[in-house]
Amino acid sequence: MYLYRHIGVAAAFSPRLPALLAEAARHLGQLAPRVSLIHAGKYTADMEARLRHVAEEAGLPEDTTIYWREGVPDDAILRVVEQNDIDLLVAGALEREHPLRYYLGSVARNLVREAPCSLLLFTEPRLNPVPFRRLVFVTDFSETSQIALARAVRLAELESAEIIYVLRVLPEYGAAAAVDRAGNFPDKGMTATTMAEETALLRDFVDAAGKTRVQIRAECIQGHAGVVASQFVQSVDADLLVMPSVSQHSHIFTRIFPTDMEWVLREIPCNLWVARERPPLD
Amino acid sequence: MLALARAFGELFNRFKQPAIVGEILAGVILGPTILGTLAPDLFGSIFPSSGPVSLAYSTITTLAVVLLLLIAGLEIELSVLWRQGKAALLVSVLGTFIPFVFGVAGAYAFPQFWGIEPGADLLTFALFFGTALSISALPVIAKIMMDLDLFKTDVGMLIMGAAMFSDLVGWIIFSIILAMMNANAPANAAAGHGGLSIGTTIAFTLFLVVFTLTAGRWLVHRALPWIQSRLSWPGGVLSFTLVLTLAGAAATEAIGIHAIFGAFLVGIAVGDSRYMRTQTRTILHQFVTYIFAPVFFVSIGLEANFLANFNVGLVLGVLTIAFAGKMAGCMLGAYLGGLPRSEAWAISFGMNARGAMEIILGLLALEFGVIQDEMFVALVVLALLSSIISGPAMQRFINLPKTWKLGDLLAPGLFIPNLKASTRQDAIRELARVAAPAAGLDFETINRAAQVRESVMSTSLGHEVAVPHARLPGLSRPVLAIGHSPEGIDFDSPDGLPTRLVFLLLTPTNEMSSQIQIMGQIARLFRQEEVRQAVYESDSIDLVRALVKTEAPPLQLHGA
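This write-up is about the structure you can find in this document. (Residues numbered from 1 in each chain as written. Chains lettered and ligands numbered in written order. Predicted model: local features only at pLDDT ≥ 70, side-chain atom pairs only at ≥ 80, totals over all residues. Heavy atoms only, no water.)

**Quick look at the environment of phenylalanine 43 of chain B**
Residues and elements named next belong to chain B.
Then, number 1: Structurally, the position occupied by phenylalanine 43 is in helix α4 (residues 40-46).
Then, number 2: For phenylalanine 43, a relative accessible area of 17% gives the class buried.
Then, number 3: Each C-alpha atom of the pair phenylalanine 43 and leucine 30 lies 7.7 Å from the other, and the pair is 13 residues apart in sequence.
Then, number 4: Sequence-distant contacts of phenylalanine 43, that is, excluding residues within four places in its chain, are made with Leu30, Gly31, Pro32, Leu35, Gly36 and Leu302. (Helix = DSSP H or I, 4+ residues; strand = E, 2+ residues; numbered from the N terminus. Buried < 20%, exposed > 50% of the residue type's maximum accessible area, 1.4 Å probe, protein only. Contact = heavy atoms within 4.5 Å.)

Rendered as structure tokens:
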């Protein structure tokens with residue numbers, strides 16, 4: 001049972017390339033029948049030989065397809081994704097974003113913002129990859145997140161992961177409401193009924209992911225989804241964060257007033273799996 | 001002032017009314033309306049119009065409103081708006097723009113009706129009136145959303161996002177109006193004077209907005225962790241926030257607009273940082289809300305004689321144009337955004353709540369001489385009335401999502417005891433034919449949607465069960481068709497077993513939770529082998545119904 005049809009790995013000649021390809025070989029072989037490499041740059045026989053050598057060293061099959069596209073790196077990679085029905089794009093080496101660069105956008109982050117398919121970003125790829133142990137999954141109860149959880153569960157089984165934490169993050173308007181003082185200051189900003197309903201729905205959501213031997217722990221937390229996700233990842237020492245997200249052309253306003261995903265992109269706390277469907281289902 | 005305000009606030013809370021109404025009433029009692037009429041000498045000695053007491057009073061109320069705007073800014077999170085998409089943007093823009101146009105047009109059409117004397121500065125009044133009609137009150141709206149249990153719903157989030165937009169745009173426009181007022185105000189007017197031209201003031205204002213929302217936010221975000229790690233907590237962050245607020249207030253005063261705008265901008269910058277912890281916010285909210293805000297709202301009642309200046313015609317005129325403008329703008333935005341009519345009404349009433357923001361605008365306009373006492377009283381009535389009726393009116397139009405039980409959806413006509421299909425695509429087709437009449441939709445629509453979903457990833461839950469599903473527009477309630485395949489069908493299941501029970505689940509597009517609820521119940525019930533066996537052997541929907549009713553306590557599904 002494959003999770004994706006075609007995986008593309010964005011491969012740039014950087015010191016981290018061997019590690020990224022090693023991660024790809026370790027984790028992706030069982031996820032899709034096809035894994036291809038995408039290089040944004042001009043094709044030369046010498047470059048191909050170098051890339052193939054690194055790929056084979058990393059453990060990728062000899063006949064791995066390599067797509068070459070010239071142009072602005074993120075645009076070139078996205079063109080390959082569009083033209084070759086790639087439904088999971090893998091990239092790596094995400095440095096912390098400089099403030100000016102944040103407003104302008106970097107290649108990897110632009111891929112996250114604009115790619116029409118799911119993405120898997122390795123923040124610190126290793127030459128000797130280890131399986132994912134703890135996954136944190138943030139749900140918004142959308143169809144995309146339902147499918148993503150089913151996929152995350154399958155991946156966790158393949159990797160023999162310890163646990164998946166499924167988080168439902170609820171907005172926190174208690175403080176705002178207090179300004180009006182039409183009642184007591186709400187300690188948690190939410191009635192007990194609401195929290196109980198959300199917890200019950202979260203339980204249904206997790207159960208609907210189907211049969212699995214992986215331990216799943218579900219939690220409802222209040223706050224800003226992007227912030228809560230980052231903090232939770234650090235608190236449980238997770239190594240993969242899964243978030244559903246829609247593809248959208250990023251503009252200056254979404255940088256100034258960041259969405260959940262933009263919050264996560266500010267300081268990506270661990271490897272990040274952005275779940276997205278083609279065509280969008282929600 | 002504080003004691004009476006809190007007493008009345010608490011009293012009104014007892015009757016489930018906003019505290020602000022009680023606090024303003026306390027001001028009406030202490031002010032010229034009651035005390036000033038019954039005991040003018042006592043009133044004059046408590047609230048002298050000049051001297052050190054008057055100066056201290058003015059300082060305290062200004063500080064109160066500055067802090068009130070700080071916490072209003074803390075709650076602005078415009079990403080909520082982007083998350084809600086096109087409908088939210090349309091409601092925000094039209095819900096702000098159309099009442100603004102109503103206000104400006106109304107001012108020019110009937111200036112004397114609104115109390116503007118011939119020869120007065122009509123442009124400034126028109127812009128003020130437009131802004132007063134377009135602004136919303138985020139804190140009131142947040143409270144209503146929580147009371148109605150709506151804030152986690154799409155409608156609730158949409159209203160919150162749109163109200164944030166209205167507040168931000170409203171205050172930017174109002175700061176520009178303040179610059180115009182300042183240029184026209186007499187030298188002894190209450191507000192500060194920067195001595196700058198209108199153009200310079202507007203340029204400075206826009207620069208401050210852009211700077212605070214970009215570099216300012218980034219600087220605060222960097223500074224907070226440093227402060228939290230090196231200074232006492234939460235005292236260090238509180239001091240930092242208040243110093244920044246007063247600096248922002250001073251900066252906006254210096255360029256010729258009111259201190260509150262600087263405080264509002266600082267609130268947005270500080271509130272946006274993830275390092276601003278909930279506990280710190282709570283402390284700020286508590287001491288502003290229970291100490292400074294009541295003093296400010298009492299001062300509203302002291303500003304005018306509410307009985308002598310209650311002009312019925314003017315109050316009705318303001319209420320009519322304010323309600324009509326806001327409702328028309330929001331309804332149009334919701335209509336263009338493709339929202340159902342009942343949701344459009346609920347959103348319009350939600351956005352119509354004005355509360356404290358309206359009153360602050362009115363008070364400043366009164367201080368600058370842009371409006372007279374009668375108009376001020378009418379705006380206070382508008383603020384209170386729109387806040388009071390917003391919640392009940394929304395409740396009338398909103399449909400809270402129902403909690404669905406599996407038993408509600410079982411029907412004999414929707415059960416196929418012997419599926420002929422041998423592939424999952426055929427199984428979906430077979431069940432879609434049965435489900436179409438019950439759903440009131442055509443077979444092709446249902447089949448296409450379910451097949452598309454199935455093609456993305458298998459809907460098998462394992463344990464010989466699969467739940468192909470689709471969210472469909474035009475469906476009024478969930479529909480469930482069940483099929484039993486004695487031979488079993490390959491659904492690409494996670495446990496590799498063939499699927500023998502297929503549930504085709506159709507849910508309305510806007511009821512996200514119903515699909516999850518029903519799938520969760522199916523997963524829990526049919527993971528029990530004895531339950532599945534009973535269905536296989538009897539092939540009866542009645543038995544399924546009986547099993548659902550007697551569903552055993554849910555078992556742990558994962559990690560067992």
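**Focus on helix α20 (residues 443-456) of chain B**
Then, number 1: The terminal C-alpha atoms of α20 of chain B lie 20 Å apart, and with 14 residues this matches the ideal 20 Å at 1.5 Å per residue to within 8%.
Then, number 2: Of all the positions in α20 of chain B, only Phe443, Ile446, Asn447, Ala450, Gln451, Arg453, Glu454 and Val456 of chain B are classed as buried.
Then, number 3: Buried-residue contacts for α20 of chain B involve α6 (143-159) of chain A together with α19 (424-439), β4 (469-472) and β6 (499-508) of chain B. (Expected span 1.5 Å × (residues − 1).)

**What about the sheet that holds strand β4 (residues 88-92) of chain A?**
Pairing between sheet strands relies on hydrogen bonds along the backbone, with the strands arranged either parallel or antiparallel.
Residue and element names in this part refer to chain A.
Then, number 1: Reading across from one edge, β3-β2-β1-β4-β5-β10-β9-β6-β7-β8 is the order of the 10 strands in this open sheet, with mixed pairing throughout. Two strands lie at the open edges of the sheet, namely β3 (66-69) and β8 (215-222), each paired on one side alone. Direction aside, the axes of adjacent strands within the sheet are offset by 20 degrees on average.
Then, number 2: Inspection of the sheet shows strand β5 (residues 118-122) paired to strand β10 (residues 271-275) by three bridges, in the antiparallel sense. Residue pairing for β10: leucine 119 is matched across the bridge by valine 274. (Pairing = 2+ DSSP bridges. Axes fitted to C-alpha atoms, helices over the stretch in contact; angles between N-to-C directions.)

**Brief notes about the pairing of strand β9 (residues 240-244) of chain A**
Residue and element names in this part refer to chain A.
Then, number 1: Counting buried positions along β9 yields five of five residues, so the element is predominantly enclosed.
Then, number 2: Burial along β9 is two-sided: the face carrying Leu240, Val242 and Pro244 and the face carrying Leu241 and Met243 are both buried.
Then, number 3: Pairing geometry for strand β6 (residues 134-139) and β9, over three bridges, is parallel. Counterpart to leucine 135 in the pairing with β9 is leucine 240.
Then, number 4: In the sheet, β9 pairs with β10 via five bridges, with the strands oriented parallel. Residue pairing across strands places methionine 243 opposite valine 274, the latter belonging to β10.

**Quick word on the packing of helix α7 (residues 86-109) of chain B against helix α8 (residues 122-134) of chain B**
All names here are of chain B.
Then, number 1: It is the contact of α7 with α8, at a shortest axis distance of 7 Å, that shows an interaxial angle of 145 degrees. The element α7 and its partner α8 pack so that their crossing is right-handed. Counted together, Gly95, Thr96, Pro99, Phe100, Gly103, Val104, Ala107 and Tyr108 of α7 and Leu122, Leu123, Phe125, Ala126, Leu127, Phe129, Gly130, Thr131, Leu133 and Ser134 of α8 form the full contact between these two elements. (Left-handed = near helix turned anticlockwise from the far one by under 90°.)

**Here we look at the pattern of salt bridges**
Then, number 1: Following the criterion strictly, the structure yields 21 salt bridges over all chains and no others.
Then, number 2: Note that glutamate 143 of chain A and arginine 471 of chain B form a salt bridge whose closest N and O atoms lie 3.9 Å from each other. In this pair, glutamate 143 of chain A is assigned in helix α6 and arginine 471 of chain B in strand β4, connecting two distinct chains.
Then, number 3: The buried category is assigned to glutamate 143 of chain A, whose relative accessible area is 4%.
Then, number 4: Assessed through its relative accessible area of 18%, arginine 471 of chain B is described here as buried.
Then, number 5: Salt-bridge contacts for arginine 429 of chain B lead to aspartate 426 of chain B; the nearest nitrogen and oxygen are separated by 2.8 Å. Linking arginine 429 of chain B with aspartate 426 of chain B, this pair stays in helix α19, spanning three residues, or about one helical turn.
Then, number 6: Overall, aspartate 426 of chain B belongs to the partly exposed group, its relative accessible area being 31%. (Salt bridge = Lys/Arg side-chain N within 4 Å of Asp/Glu carboxyl O.)

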